[in-house]
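These are the residues of each chain, in order.
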Amino acid sequence: MNCQEVKELFSDYLDHRLSPMNIALIHEHLKVCPGCSQEVAELRKTLSLIGSLEEIQTSPDFLGKVLRKIEREKRIRDLWSWFFEPIRVKVPLEITALLLVSVLGFYLYERSPELSKEGRVRLSQEEMQMREDKAMEEPPRAKALERETTKTESYATVKKEPEATAGLEARRLSEAESLEAPKEEGERGLAAVPPVQVVEFAAVDVIAYERKVNLILGELGGRLISQERPLGKTLVLMVELPWSRQGQFLAALKEEFRSKSDFARSPEGASALSKENLQEKDTPSAAERGLDRARKASPLLDEPTVKLELRILPKE
Amino acid sequence: MLQGLDPDGDLIQKIQQGEQLAFNQLVLKYRHRVMGVAARMLQDPIEAEDLAQDVFVKVYHSLKGFKGEALFSTWLYRITANSCLNHRKSRTRERQAKKALDESEPILFDDTSDPHVALEEKELKVCLEKAIQALPQEQRIVLILRDIEGLSYEGIADSLGVELGTVRSRLHRARLGVQASIKKAFSPDGQRSEIQ
């Protein structure tokens, strides 16, 4: 054996793990090699010193700390076991319960008018029908709701002409006071524009009938919001008046237009109307005073109101 | 089954039957040994004690499954060694521990027992602890289990889950490493070349 081979076996030699033959070979080598003899002696000493190192002690309360840790872990394991064991039974049940609660919560949220955004704006067909039925008799219960209501069927059926609508929109200044501003593009028509009923009349003298409308409005506590002649001959008036007076207003208009239409056909009537027009143009008349009064009237504070779009078409 | 030959066989049986006092006795018997391994591996006495406590908590929960195929002490050292090797400490604490190791006496070594112990011997032991702590982890654990705790080569191989040849080579390198460190510490200028 050479020195390298002997040194590789020092640990086994010192731990008495070598066969007798190998031990004898090492002894033979050590007799003739002082270097290896010194090294093995030093290694023996090192092992002795390592073995004499003092025991490292734990703290006095070591056992107590161990037992407390065990108790704490036991509580956590018991809790886990209570919640999730047996896993095949409890976990599916808990997931199902969680899903049911989530679905119920979502359902209640959607159905609740206070919470659901769609609930605020969506009116059922039955509710719409009810509103229409009650429109002539009494103000609707939810007038305030209607101010906030977005798209409704009545609004959707209003006959619109793009230019007329644009022109009217531009001159509706006083409307904004009582309405919420439209929020987004998609909600503009839905947000706060109340339903508007369109009424059409055919008249010989369109201008004259404008004044008549103002007179009637003034008497009934309504007001003229705007007027427009988008198509040249047709006069479009946007009026507002109390709900309770809507029926009276429409009836008065019908009566006025029918009687005036018949009267205007006769030669005497045509002449009289033209004179009336001249007179009315020259002097401040009751019609103009009525117009002024109608514009100033503000029935909004007293009771719910309705807006009507009157289209006075020239009669050929 | 070695439970009949295991000196701790009776205690184990009692613990498995639910005797709390038997477990307490087991903890009191082996706490210092587990602490010794943990302290020399982790180089931090606080973390070492915490780890030692965790070892016994693991023993408590795992004892039901202990079938006596190895000695209890071997099984215990296996849990301890694996816990030490898997332990991850914060880098800050590691740097602090290393700094303390380099600059002063080892944190673990506290020789306040006998004032008459020769200064040289005290210095030697301090140097020895430092030398052990400077070893790589794989060599250090083998040296501790063999030369401090007295486990057999086979017991160490079983505890660490390595081959016998691996234990031999790591142990040999660890011993030579410690020897070289001591030689260097006591004869830096080459004046003293042997350990007395």
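Quick caveat, the model's predicted, so the values are computed rather than measured. (Residues numbered from 1 in each chain as written. Chains lettered and ligands numbered in written order. Predicted model: local features only at pLDDT ≥ 70, side-chain atom pairs only at ≥ 80, totals over all residues. Heavy atoms only, no water.)

> Any chance you could explain the overall build of chain B here in plain terms?
If you tally the helices and strands in chain B, you get nine helices and zero strands. Along chain B, helices and strands appear, N-terminal first, in the series α-α-α-α-α-α-α-α-α. Put simply, chain B has 196 residues, and 48% of those count as buried. Across chain B, the fraction of contacts at a sequence separation of at least 24, relative to all contacts at a separation of at least 6, is 63%. (Helix = DSSP H or I, 4+ residues; strand = E, 2+ residues; numbered from the N terminus. Buried < 20%, exposed > 50% of the residue type's maximum accessible area, 1.4 Å probe, protein only. Contact = heavy atoms within 4.5 Å.)

> What's the story with the interface of chain A and chain B in this structure? I'm lost.
Size of an interface, as often reported, equals the accessible area lost when the parts are brought together. Chain A puts 36 residues into the contact, and the matching count from chain B is 48 residues. At the boundary of chain A with chain B, total buried surface from both sides reaches about 3800 Å², with 60% on carbon and sulfur atoms. Broken down residue by residue, the surface that chain A buries against chain B is led by Leu53, Ile56 and Phe62 of chain A, which jointly contribute 18%. At the junction of chain A with chain B, the criterion picks out eight salt bridges. Notably, a salt bridge pairs Asp15 of chain A with Arg146 of chain B, separated by 3.2 Å at the nearest N-O pair. Those elements that provide at least two residues to the side of chain A that touches chain B are helix H1 (3–8), helix H2 (10–14), helix H4 (34–51) and helix H5 (62–84) of chain A. Per-class residue counts for the side of chain A that touches chain B are 14 nonpolar, eight polar and 14 charged. (Buried area = accessible area lost by both parts, 1.4 Å probe. Salt bridge = Lys/Arg side-chain N within 4 Å of Asp/Glu carboxyl O. Nonpolar A, V, L, I, M, F, W, Y, C, P; charged D, E, K, R; others polar.)

> Would you take a moment to explain the sheet that holds strand S1 (residues 196–203) of chain A for this structure?
Hydrogen bonds along the backbone pair up the strands of a sheet, which may run parallel or antiparallel. Residue and element names in this part refer to chain A. If you trace the four strands from one edge of the open sheet to the other, you get S1-S4-S3-S2, paired in mixed fashion. If you trace the sheet from one side to the other, it starts and ends with S1 and strand S2 (223–228), each paired once. Recorded for the sheet is a direction-independent mean angle of 20° between the axes of neighbouring strands. Note: S1 against strand S4 (residues 305–314), eight bridges, orientation parallel. Opposite Val199, over in S4, you have Leu310 as the bridge partner. (Pairing = 2+ DSSP bridges. Axes fitted to C-alpha atoms, helices over the stretch in contact; angles between N-to-C directions.)

> Explanation requested: the packing of H5 of chain A against helix H6 (residues 87–111) of chain A in the structure shown.
Pairs of packed helices are described in terms of their axes, by the angle between the two and the distance that separates them. Residue and element names in this part refer to chain A. The contact between H5 and H6 brings their axes to 7 Å, and the two run at 70°. Comparing the axis directions of H5 and H6 gives the class roughly perpendicular. When H5 is examined against H6, the residues Ser81, Trp82, Phe83 and Phe84 are found in contact with a partner set consisting of Ile87, Lys90, Val91 and Glu94. When grouped by side-chain class, the residues that make up the contact of H5 with H6 number five nonpolar, one polar and two charged. (Parallel < 35°, antiparallel > 145°, perpendicular 65-115°, else oblique.)

> What exactly am I supposed to notice about the nonpolar core here?
As a rule of thumb, soluble globular proteins bury nonpolar side chains together. Membership of the largest hydrophobic core comes to 60 residues, with the highest contact counts inside it found for Val59, Phe72 and Val178 of chain B. Here this core takes 12 residues from helix H2 (residues 20–42) of chain B, the largest share from any one element. Contacts of Val178 of chain B, omitting those with residues within four sequence positions, involve Thr46 and Ile50 of chain A together with Leu128, Ala131, Ile132, Leu135 and Leu143 of chain B. By size, the runner-up hydrophobic cluster in this structure holds 23 residues, among which are Ile216, Leu220, Leu241 and Ile312 of chain A. (Core = buried A, V, L, I, M, F, W, Y, C linked by side-chain atoms within 4.5 Å.)

> Quick question: what am I supposed to make of the pattern of salt bridges here?
Oppositely charged side chains can pair when the atoms bearing their charge come close. In this structure the tally under the stated criterion is 20 salt bridges over all chains. Arg168 of chain B is paired through a salt bridge with Asp12 of chain A; the nearest N and O atoms lie 2.3 Å apart. With Arg168 of chain B in helix H9 (residues 164–186) and Asp12 of chain A in helix H2, this pair bridges two chains. The class for Arg168 of chain B is partly exposed, based on a relative accessible area of 32%. Where Arg77 of chain A meets Glu73 of chain A, a salt bridge forms, and the shortest distance between an N and an O atom there is 3.7 Å.

> Got a minute to help me understand H2 of chain B in this structure?
The periodicity of an α-helix, 3.6 residues per turn, causes residues three or four places apart in sequence to face the same way. Most pronounced at Tyr30 of chain B, the bend in H2 of chain B amounts to some 50°. Downstream of H2 of chain B by one or two residues, Gln43 of chain B has phi in the positive range, about 65°. (Bend = angle between axes of the 7 residues up to and from the residue.)

> Help me understand the pairing of S4 of chain A, please; the structure alone is not making it clear to me.
Each regular strand shows side chains that alternate between the opposite faces of the sheet. All names here are of chain A. The element S4 is largely enclosed, with a buried count of eight among its 10 residues. Bridging between strand S3 (residues 235–242) and S4 involves eight bridges; their strand directions are antiparallel. Residue pairing for S4: Pro242 is matched across the bridge by Thr305.

> How should I be thinking about the packing of aromatic side chains in this particular structure?
Here a ring pair, both rings aromatic, is described through the centre-centre distance and the interplanar angle of the planes. Tallied over the entire structure, the rule returns nine aromatic pairs over all chains. Here Trp82 of chain A and Phe83 of chain A contribute two aromatic rings whose centre-to-centre distance is 5.0 Å and whose plane-to-plane angle is 85°, an arrangement assigned as edge-to-face. Here the aromatic residues Trp80, Trp82, Phe83 and Phe84 of chain A are joined through ring pairs into a cluster of three or more. The ring of Tyr153 of chain B carries Arg17 of chain A above its face, with NZ or CZ at 3.9 Å from the centroid. When the ring centre of Trp82 of chain A is taken as origin, the NZ or CZ atom of Lys90 of chain A, which lies over that ring, is 5.8 Å away. (Phe/Tyr/Trp six-rings, centres within 6.5 Å; stacked < 30°, edge-to-face > 60°. Lys NZ or Arg CZ within 6 Å of the ring centre and 35° of its normal.)

> Whenever I open this one, the confidence of the model for chain A confuses me. Can you help?
Interpretation of the predicted coordinates at a detailed level should be avoided for regions scoring low in pLDDT. Residues and elements named next belong to chain A. Taken over all residues, the pLDDT of chain A has a mean of 74, while the share at 70 or more is 61%. In this model residues 261–266 is a low-confidence stretch, pLDDT under 50, and it forms 13 contacts with partners more than four residues away in sequence or in other chains. Low pLDDT (under 50) marks residues 276–282, which in the prediction has 10 contacts with non-local residues, meaning those over four places away or in another chain. (pLDDT = per-residue confidence, 0-100.)

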